[in-house]
Amino acid sequence: SELFLLLPDVVAHPIDADSPLRHITSPAQLQGRGVEFVVLLEGTTSSTSQTMQARQSYLPSEMVWSAAFAPCTRINPQGVMEVDFDHFDDTRPDPQP
């Protein structure tokens, strides 16, 4: 499937009955097991048709549980959408499992 990522967005893996992570309920279950999540996003720049890739790995100690990203976009007084990169990595508590 394809995604159109124009503004900061969240790509999520739903943890349901078909997920390989369905039995993980706390960060402690991942510690000391050599677990690392590698995320690879690939896309095409619309102006040049050039393929781009971004890769990031995450260790259990870098994961934030029961949280969601805080908003980092706003509409400025001129009506233009802006991304505030000072808050790009900010999180807030999220009670959803």
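Preceding this paragraph is the structure being described.
1. Side note on the pattern of salt bridges
Step number 1: As enumerated under the stated definition, the model contains 1 salt bridge in all.
Step number 2: Residues Arg-74 and Glu-82 are paired through a salt bridge, measuring 2.9 Å at the closest nitrogen-oxygen approach.
Step number 3: The exposure class of Arg-74 is partly exposed, given its relative accessible area of 46%.
Step number 4: Of the residues examined, Glu-82 reaches a relative accessible area of 30% and is grouped as partly exposed.

2. Let's talk about the environment of Ser-57
Step number 1: Mapped onto the fold, Ser-57 is located in strand E2 (residues 51–58).
Step number 2: Placed 37 residues apart in sequence, Ser-57 and Asp-94 show a C-alpha to C-alpha distance of 23 Å.
Step number 3: Not counting the four nearest positions on each side in its chain, Ser-57 is found in contact with Glu-36, Phe-37, Val-38 and Glu-62.
Step number 4: Only 2.8 Å separates the side chain of Ser-57 from the side chain of Glu-36, close enough to count as a polar contact.

Conventions adopted
Residues numbered from 1 in each chain as written. Predicted model: local features only at pLDDT ≥ 70, side-chain atom pairs only at ≥ 80, totals over all residues. Heavy atoms only, no water. Salt bridge = Lys/Arg side-chain N within 4 Å of Asp/Glu carboxyl O. Buried < 20%, exposed > 50% of the residue type's maximum accessible area, 1.4 Å probe, protein only. Helix = DSSP H or I, 4+ residues; strand = E, 2+ residues; numbered from the N terminus. Contact = heavy atoms within 4.5 Å. Polar contact = N/O pair within 3.5 Å; in protein donor to acceptor, adjacent residues only side chain to side chain.

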